[in-house]
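Below, each chain spelled out in residue letters.
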Amino acid sequence: STLNKITLDGSGKTISLIDQLNMNGDLVINANDTLTLNGVNFSFGNGSDQITVNGVLDIDEGANLEVSNTGTVLVNSGGRLNLVGLSTNPAQMSGSGSYALEVKGTMAAKYYNIQNINQQGVYINGGTIDLTNNFSYGTFSNGQANGKFLQIQGNNQNLTGANKIVEVEFPTDPGGTSYNVYVTNSSSGSYNFDDASGFFNGSAYEYDPDGVVDWTY
């Protein structure tokens, strides 16, 4: 089925998809509400449509959020995006072209695939990375030339030790002046990527003017 603009009204609902969904027009998930993809494909948007998350968007194991070219997912302060799968059945975000993902709230990611992100990358813009589901065991692929895969700005978390980011794969270089991890205005933070893999992993492809990113193997 195909739906048009939807707003979840903030009355404390949890909505779980039971079949593939196609949607055109903006989607707003208000505070107190949760949308769970429930292991299915959600094809969202037509052009610059936007998902605004003030509640919870849950992309679980086997689910795929496919965002339209030039579409946006915006997680506001107080909102939460879960991109958490299983080792045998990852959660996925992809795009029909390139799309934006900006997180001012909280993002949790583990056992995931992120594909086709735009030049801005997964943009943690003053937001919070979940300490348990902290981007470990995931893959970033099909990025944009002269872009970033993971951009962290204005975040001062310590993702080291028990909270280190483990086994992230960066298989290919998108081309131009691109970065796997791009960290700014986070001089009190620290980010340990342990056992990363793929051609595009490592410090040679990072942007880290404050020296807060460490790669260990």
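What you are looking at is a predicted structure, and each value in this text was computed from that prediction instead of being measured.

### Digging into the overall build of the protein
Line of reasoning, step 1. Counting its regular elements, the protein contains zero helices and 23 strands.
Line of reasoning, step 2. Taking 2.2 N^0.38 as the reference for a compact globule, 217 residues should give roughly 17 Å; the C-alpha atoms of the protein span a radius of gyration of 16 Å, in line with that estimate.
Line of reasoning, step 3. Its C-alpha atoms give the protein principal-axis dimensions of about 45 × 30 × 30 Å.
Line of reasoning, step 4. Considering the protein as a whole, with its 217 residues, one finds that 54% of them fall into the buried category.
Line of reasoning, step 5. Within the protein, contacts between residues separated by at least 24 positions form 57% of all contacts whose residues are at least 6 apart in sequence.
Line of reasoning, step 6. Accessible surface computed for the protein: about 8700 Å², of which carbon and sulfur atoms make up 40%.
Line of reasoning, step 7. A gap of 7 Å separates the mean positions of the 7 positive and 20 negative side-chain charges of the protein.

### Section: the confidence of the model for the protein
Line of reasoning, step 1. Averaged over the protein, the pLDDT score is 96; the fraction of residues at 70 or greater is 100%.
Line of reasoning, step 2. Summarising per-element confidence for the protein, the mean pLDDT is lowest in strand E1 (residues 2-3) (71) and highest in strand E12 (residues 80-84) (99).

### Observations regarding the pattern of salt bridges
Line of reasoning, step 1. In total, this model carries three salt bridges according to the counting rule given.
Line of reasoning, step 2. Put simply, Asp130 and Arg80 hold a salt bridge, and the shortest N to O gap is 2.9 Å. With Asp130 in strand E17 (residues 128-141) and Arg80 in strand E12, this residue pair connects regions lying 50 residues apart in the sequence.
Line of reasoning, step 3. Take Asp130: its relative accessible area is 16%, and that puts it in the buried class.
Line of reasoning, step 4. Lys164 serves as the salt-bridge partner of Asp194, at 3.4 Å between the closest nitrogen and oxygen. Here Asp194, found in strand E22 (residues 190-194), pairs with Lys164, found in the loop between strand E19 (158-159) and strand E20 (165-166); they are 30 residues apart in sequence, far enough to count as distant.
Line of reasoning, step 5. Look at Asp194 and you get buried, because its relative accessible area is 11%.

### Re the pairing of E22
Line of reasoning, step 1. Judged by how many residues are buried, E22 sits mostly within the fold: five of five residues are covered.
Line of reasoning, step 2. The alternating pattern of E22 places Ser190, Asn192 and Asp194 and Tyr191 and Phe193 on opposite faces, both of which are buried.
Line of reasoning, step 3. Where E19 lies against E22, two bridges are found, and the strand directions are parallel. Bridge pairing in E22 places Leu159 opposite Tyr191.
Line of reasoning, step 4. Across two bridges, the pairing between E20 and E22 is parallel. Residue pairing across strands places Ile165 opposite Phe193, the latter belonging to E22.
Line of reasoning, step 5. Across four bridges, the pairing between E22 and strand E23 (residues 213-216) is parallel. Directly across from Asp194, in E23, lies its bridge partner Thr216.

### Some thoughts on the sheet that holds strand E16 (residues 117-125)
Line of reasoning, step 1. A sheet is described by the order of its strands in space; here eight strands give the open sequence E2-E5-E8-E11-E14-E16-E18-E21, paired in parallel fashion. Two strands bound the open sheet, and with one partner strand each, they are strand E2 (6-8) and strand E21 (179-184). Along the sheet, successive strands turn relative to each other by an average axial angle of 10°, direction set aside.
Line of reasoning, step 2. Inspection of the sheet shows strand E14 (residues 99-103) paired to E16 by four bridges, in the parallel sense. Looking at the pairing, Glu102 lines up with Tyr123 of E16.

The rules we used
- Residues numbered from 1 in each chain as written.
- Predicted model: local features only at pLDDT ≥ 70, side-chain atom pairs only at ≥ 80, totals over all residues.
- Heavy atoms only, no water.
- Helix = DSSP H or I, 4+ residues; strand = E, 2+ residues; numbered from the N terminus.
- Rg over C-alpha atoms; globule rule 2.2 N^0.38 Å.
- Buried < 20%, exposed > 50% of the residue type's maximum accessible area, 1.4 Å probe, protein only.
- Contact = heavy atoms within 4.5 Å.
- Areas by Shrake-Rupley, 256 points an atom, 1.4 Å probe, with all protein chains shown as cover.
- Lys, Arg positive; Asp, Glu negative; His and termini not counted.
- Charge placed at Lys NZ, Arg CZ, Asp CG, Glu CD.
- pLDDT = per-residue confidence, 0-100.
- Salt bridge = Lys/Arg side-chain N within 4 Å of Asp/Glu carboxyl O.
- Pairing = 2+ DSSP bridges.
- Axes fitted to C-alpha atoms, helices over the stretch in contact; angles between N-to-C directions.

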